[in-house]
Amino acid sequence: MLVSSHRRNNQARYAGYLKSNVLWCGEMFGLSQYEINFINNIELTVPNKKLRLGLLVEQFIFASLRENKNIELLKTNLQIVQNKKTLGELDCLLLDKGKPIHLELVFKFYLYDPRISGNEIDKWIGPNRNDSLKQKLTKLKSQQMPLLHHPKSNEILNDFGYNSEVFVQKVHFKAQLFLPLGQSEQIIHEVNTACICGFYITRQELALFKHNEFFLPGKLDWLNDPHSDVLWLSYSEYSEVIEMELNKSKSPLCWMRDSKGKMTKFFVVFW
C-alpha cells in the first residue's frame, strides 16, 4: 500500500511538472533553452525516499529522457571532485542523435515584486526572498556552465572517452510564476507568461477570502494543480496554520476553493 501510494503521488507530481512551462524559448541571458519531448504515460522508478523538490524534478526529467530513442544519457549528477573538495556538479551529459550536450536542469517558483528596482528580470524573487531569477541566471552563467571546462572536469570526461570542448551547453529551465493580487500579466514581457500559475497576497489581504476554504500542500505537491480530494480547512482553521508559517518567515503555497468550487493556487507572503 505504501509503495502504491508513493507511486501514485509521484505520478500526480509528474503530471504537474509536465503542465509547467519553460521560462523562455530560445536564448536568454546567454543561456540556450533545451526543449524536451516529455512522455505523458511513463513508469517512474523514483527512489522510495524523501527527496527535495529539485531532485525529484531531476528524476522526472531523467526518466523521460531515457524513454526517448534519440537520447543516450551518458552521466547524471556528475560530481567534480578535486583534492577531496567538491567543485560542483554537472546535472546531465547526454547524446541527442549523437550530438554531445551538457544540460543543466532548473525548476523554480518565483514571485514578481514590482517594488524592486531594476528591470523585469530583477523583480522575480523566491517566495522567501532568499533567491531570485537574476541570481540563478548569474550562477548558471558564471559558475555552473564554466564547470564543464574546468581541467578536472575534462580529466573525468576523458576517462569515458570525451573532451569537454565537444559538448554544446543548454539549460532546461521551467518555472511557476505568481503575480501580486490583481496585477495584470500584460506587464510581463521578458519571460513566458504561460508560466503564470496564480497570485500572491499579504497576511492583511487574507480577509478578502474569508468565505473560502483552504489547503496547504506539502512542498513536493507544490507542483500539482489544486484538486478536490484533500482535507479543506475553514478560514478560521486556515488562519491559525498560516500565521504559524508566516511567523517563521515562510511564505507557503496554498490552495483555495470558493463557494462555486473554483480552485486557485496562490502564495501568502510574510514580507
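Above this text you will find the structure in question.
My aim in this report is to walk through the structure given alongside it, one point at a time. (Residues numbered from 1 in each chain as written. Predicted model: local features only at pLDDT ≥ 70, side-chain atom pairs only at ≥ 80, totals over all residues. Heavy atoms only, no water.)

**Some words on the overall build of the protein chain**
Part 1 of the reasoning: Each helix and strand in the protein chain was counted, giving 5 helices and 12 strands.
Part 2 of the reasoning: Rg of the C-alpha trace for the protein chain: 20 Å, near the compact-globule value of 18 Å for 271 residues, within the 12% margin.
Part 3 of the reasoning: The dimensions of the protein chain, computed from C-alpha atoms along their principal axes, are 65 × 50 × 35 Å.
Part 4 of the reasoning: The buried share among the 271 residues of the protein chain stands at 49%.
Part 5 of the reasoning: Summarising the internal contacts of the protein chain: among those between residues at least 6 apart in sequence, 63% fall at separations of at least 24. (Helix = DSSP H or I, 4+ residues; strand = E, 2+ residues; numbered from the N terminus. Rg over C-alpha atoms; globule rule 2.2 N^0.38 Å. Buried < 20%, exposed > 50% of the residue type's maximum accessible area, 1.4 Å probe, protein only. Contact = heavy atoms within 4.5 Å.)

**Focus on the environment of Thr-202**
Part 1 of the reasoning: With respect to the secondary-structure elements, Thr-202 resides in strand S9 (residues 196–202).
Part 2 of the reasoning: Distance in space between the C-alpha atoms of Thr-202 and Ser-117 is 20 Å, their sequence separation being 85 residues.
Part 3 of the reasoning: Ignoring any residue separated from it by four or fewer positions in sequence, one finds Thr-202 in contact with Val-268, Val-269 and Trp-271.

**Section: the pattern of salt bridges**
Side chains that differ in charge, positive against negative, can pair when their charged atoms come close.
Part 1 of the reasoning: Applying the stated criterion across every chain yields a total of 10 salt bridges.
Part 2 of the reasoning: Between Glu-245 and Lys-248 there is a salt bridge; the shortest N-O distance is 3.3 Å.
Part 3 of the reasoning: Sharing partners across several salt bridges, the network here consists of Asp-113, Arg-115 and Arg-129. (Salt bridge = Lys/Arg side-chain N within 4 Å of Asp/Glu carboxyl O.)

**Some details on the environment of Val-268**
Part 1 of the reasoning: Assignment of secondary structure puts Val-268 in strand S12 (residues 263–269).
Part 2 of the reasoning: Assessed through its relative accessible area of 0%, Val-268 is described here as buried.
Part 3 of the reasoning: For the pair formed by Val-268 and Arg-203, sequence separation is 65 residues and the distance between their alpha carbons is 6.5 Å.
Part 4 of the reasoning: Each residue touching Val-268, except ones within four places of it in the same chain, is listed here: Ile-201, Thr-202, Arg-203, Leu-206, Tyr-238, Ile-242, Leu-246, Lys-250, Ser-251, Pro-252 and Cys-254.

**A short note on the pairing of strand S11 (residues 253–257)**
Part 1 of the reasoning: Extensive coverage of S11 is indicated by the burial of 5 of its 5 residues.
Part 2 of the reasoning: Both faces of S11 are covered, namely the face carrying Leu-253, Trp-255 and Arg-257 and the face carrying Cys-254 and Met-256.
Part 3 of the reasoning: Taken together, the 3 bridges between strand S10 (residues 213–215) and S11 define a ladder with antiparallel strand orientation. Pairing of Glu-213 across the sheet is with Arg-257, part of S11. (Pairing = 2+ DSSP bridges.)

**Considerations on the nonpolar core**
Part 1 of the reasoning: Core analysis: the biggest nonpolar cluster contains 38 residues, and Tyr-17, Ile-61, Leu-94, Phe-109 and Phe-267 have the highest contact counts within it.
Part 2 of the reasoning: Ignoring sequence-local partners within four residues, the contact set of Ile-61 consists of Tyr-17, Ile-36, Phe-38, Leu-105 and His-172.
Part 3 of the reasoning: Within the second largest apolar cluster, 22 residues are counted, among which are Leu-23, Tyr-110, Leu-133 and Ala-175. (Core = buried A, V, L, I, M, F, W, Y, C linked by side-chain atoms within 4.5 Å.)

**Examining helix H2 (residues 53–66)**
Part 1 of the reasoning: The end-to-end C-alpha distance of H2, which contains 14 residues, comes to 20 Å, matching closely the 20 Å that a straight helix rising 1.5 Å per residue would cover.
Part 2 of the reasoning: Within H2, burial applies to Leu-53, Leu-56, Val-57, Glu-58, Phe-60, Ile-61, Phe-62, Ala-63, Ser-64 and Leu-65. (Expected span 1.5 Å × (residues − 1).)

**Details of the side chain of Lys-174**
Part 1 of the reasoning: Tracing the backbone shows Lys-174 in strand S8 (residues 168–180).
Part 2 of the reasoning: Buried and without a salt bridge, Lys-174 has Glu-35 as its closest oppositely charged side chain, separated by 7.9 Å.
Part 3 of the reasoning: Not counting residues up to four positions away in its chain, the partners in contact with Lys-174 are Tyr-17, Leu-18, Ser-20, Asn-21, Val-22, Leu-23, Phe-38, Val-106, Phe-107 and Lys-108. (Lys, Arg positive; Asp, Glu negative; His and termini not counted.)

**So, the layout of surface pockets**
Part 1 of the reasoning: The space that makes up the largest pocket amounts to roughly 1,100 Å³.
Part 2 of the reasoning: Contributing to the lining of the largest pocket are 38 residues, with Arg-52, Leu-53, Gly-54, Phe-107 and Lys-108 lying nearest its centre.
Part 3 of the reasoning: Counting only elements with at least two residues in the lining of the largest pocket, the list comes to H2, strand S5 (85–96), strand S6 (99–112) and helix H3 (133–144).
Part 4 of the reasoning: Here the residues of the lining of the largest pocket are counted per class, giving 15 nonpolar, 9 polar and 14 charged. (1 Å grid on protein atoms, 1.4 Å probe; cavity = no way out; pocket = protein on both sides within 12 Å on 5 of 7 lines; lining within 4 Å. Points joined across faces, edges and corners; volume = space filled by probe spheres on them. Nonpolar A, V, L, I, M, F, W, Y, C, P; charged D, E, K, R; others polar.)

**Comments concerning the state of the cysteines**
Part 1 of the reasoning: For the structure on display, the rule yields 0 disulfides.
Part 2 of the reasoning: Cys-254 takes part in no disulfide bond, and the closest cysteine sulfur to it belongs to Cys-197, at a distance of 15 Å. (Disulfide = S-S within 2.5 Å.)

**Some details on the side chain of Gln-33**
Part 1 of the reasoning: Within the fold, Gln-33 resides in the loop between strand S3 (31–32) and H2.
Part 2 of the reasoning: At 2.9 Å, the side chain of Gln-33 and the backbone oxygen of Trp-24 are in polar contact.
Part 3 of the reasoning: With near-sequence residues (within four places) excluded, Gln-33 lies in contact with Val-22, Leu-23, Trp-24, Gly-26, Lys-170, Val-171, His-172 and Phe-173. (Polar contact = N/O pair within 3.5 Å; in protein donor to acceptor, adjacent residues only side chain to side chain.)

Keep in mind that these numbers describe shape and distance, not what the molecule does.
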